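Observations on the three-dimensional arrangement
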Amino acid sequence: MELIVKPDRVKAGLLGAKIIAQVVRERADAVLGLATGSTPLSLYAELVRMHCEEGLSFKNVVTFNLDEYVGLDPSHPGSFHAVMEKHLFQHLDLRPGATHLPDGCAADIPGSCEAYERSIKAAGGIDLQLLGIGGDGHLAFNEPGSSLSSRTRIKTLTGETLRANSAPFGDLDKVPKHVITMGLGTIMEARSCLLLAFGTDKAEAIHEMAEGAVSASCPGSILQFHQKAIVLLDEEAASRLQRKQYYLDVYAGKPEWQCWE
Ligand code: PGA
């Protein structure tokens, strides 16, 4: 796991966009795993800028999102379909049908979860999976206690996650309690992972994830087993790290051929 600490979330978001842009430049038909939440928004804005001003093309890129609410129409502004459309998809040159999210309105949820896993495989697997992390260590919507080898399936959100995600719904009671999420086993098959975390609310989860024991109690800790996981932090999210100086030294001494900036 490579931990990179930037002075603030803006600089971290810019570096995250450079990392994704490099994947897309190296492989025009890259398969990107995408995430929602507030954390990746500055990264998405920078990808849109790179597309508009630098000609970064996504016309052969395929995307798979981590998760979606159950029973929420894709046109609802709180749905992850709508969030992705608003902040990213409508601004890029992605082909129709190239973007995928779990179908939270499927009549047969287990069947649609299996179909989602099959489509990821049929696309050749995910080249880079973008991730956030919950204050409780959840990865995608794999809440603490999730199987470390889980696949795409239905999950029930914890009270903490319901509260954290309540803004677009106005009222806590209106947040859907069930979601479909890629599993931890699904995420671990991505060829690389890029996790972003900002703010003091994430500091303890980041310490547990990177420096604690691998445990279903902190689902993010499964990334300790990933061969290529980059964790991009602002100073606040890095504030509880015990080996912070070492991570800073590693980044400062990276050979040029490994650098993005
Ligand atoms: P956030 O959510 O980006 O809104 O903090 C991240 C997550 O819950 O995984």
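Further up the page is the structure itself.
Now for a look at the structure at hand. What you see is a predicted model; the values in this text were computed from it and never measured. (Residues numbered from 1 in each chain as written. Predicted model: local features only at pLDDT ≥ 70, side-chain atom pairs only at ≥ 80, totals over all residues. Heavy atoms only, no water.)

Let us look at the sheet that holds strand β4 (residues 67-69). Pairing in this open sheet of 3 strands is antiparallel, and the strands run β4-β8-β7 from one edge to the other. Since the sheet does not close on itself, it has two edges, and those belong to β4 and β7 (153-156), each with one partner. Strand-to-strand twist of the sheet, defined as the mean angle between neighbouring strand axes without regard to direction, takes the value 30 degrees. Where β4 and strand β8 (residues 178-181) come together, 3 bridges link them in antiparallel fashion. If you follow D67 over to β8, its bridge partner there is T181. (Pairing = 2+ DSSP bridges. Helix = DSSP H or I, 4+ residues; strand = E, 2+ residues; numbered from the N terminus. Axes fitted to C-alpha atoms, helices over the stretch in contact; angles between N-to-C directions.)

Within the largest apolar cluster, 44 residues are counted, with the highest numbers of intra-cluster contacts made by I20, L32, L47, F58, Y69, L88 and L194. Contributions of two or more residues to this core are made by α1 (9-26), β2 (31-34), α2 (41-54), α3 (80-87), β6 (128-131), β9 (193-197) and β10 (229-234). Here this core takes 8 residues from α1, the largest share from any one element. Once residues within four sequence positions are removed from consideration, L194 is found in contact with G16, I19, I20, L128, Q129, L130, L131, I230 and L232. (Core = buried A, V, L, I, M, F, W, Y, C linked by side-chain atoms within 4.5 Å. Buried < 20%, exposed > 50% of the residue type's maximum accessible area, 1.4 Å probe, protein only. Contact = heavy atoms within 4.5 Å.)

The local shell around the ligand consists of G37, S38, T39, G132, I133, G134, H138 and K202. S38 places a main-chain nitrogen or oxygen 2.9 Å from an oxygen atom of the ligand. (Near = heavy atom within 4 Å. Polar contact = N/O pair within 3.5 Å; in protein donor to acceptor, adjacent residues only side chain to side chain.)

Here we come to the pattern of salt bridges. In the structure shown here, the tally under the stated rule is 14 salt bridges. With a closest N to O distance of 2.5 Å, E2 and K254 form a salt bridge. A residue pair is termed long-range when its members are at least 10 positions apart, and E2 in strand β1 (residues 2-6) and K254 in the segment after α8 (244-252) qualify at 252 residues. Overall, the relative accessible area of 13% leaves K254 in the buried class. (Salt bridge = Lys/Arg side-chain N within 4 Å of Asp/Glu carboxyl O.)

This part is about the sheet that holds strand β3 (residues 62-65). An order of β1-β10-β9-β6-β2-β3-β5 is seen for the 7 strands of this open sheet, with the pairing classed as parallel. Two strands close off the open sheet at either side, each with one partner strand: β1 and β5 (99-100). Bridging between β3 and β5 involves 2 bridges; their strand directions are parallel. Pairing of F64 across the sheet is with H100, part of β5.

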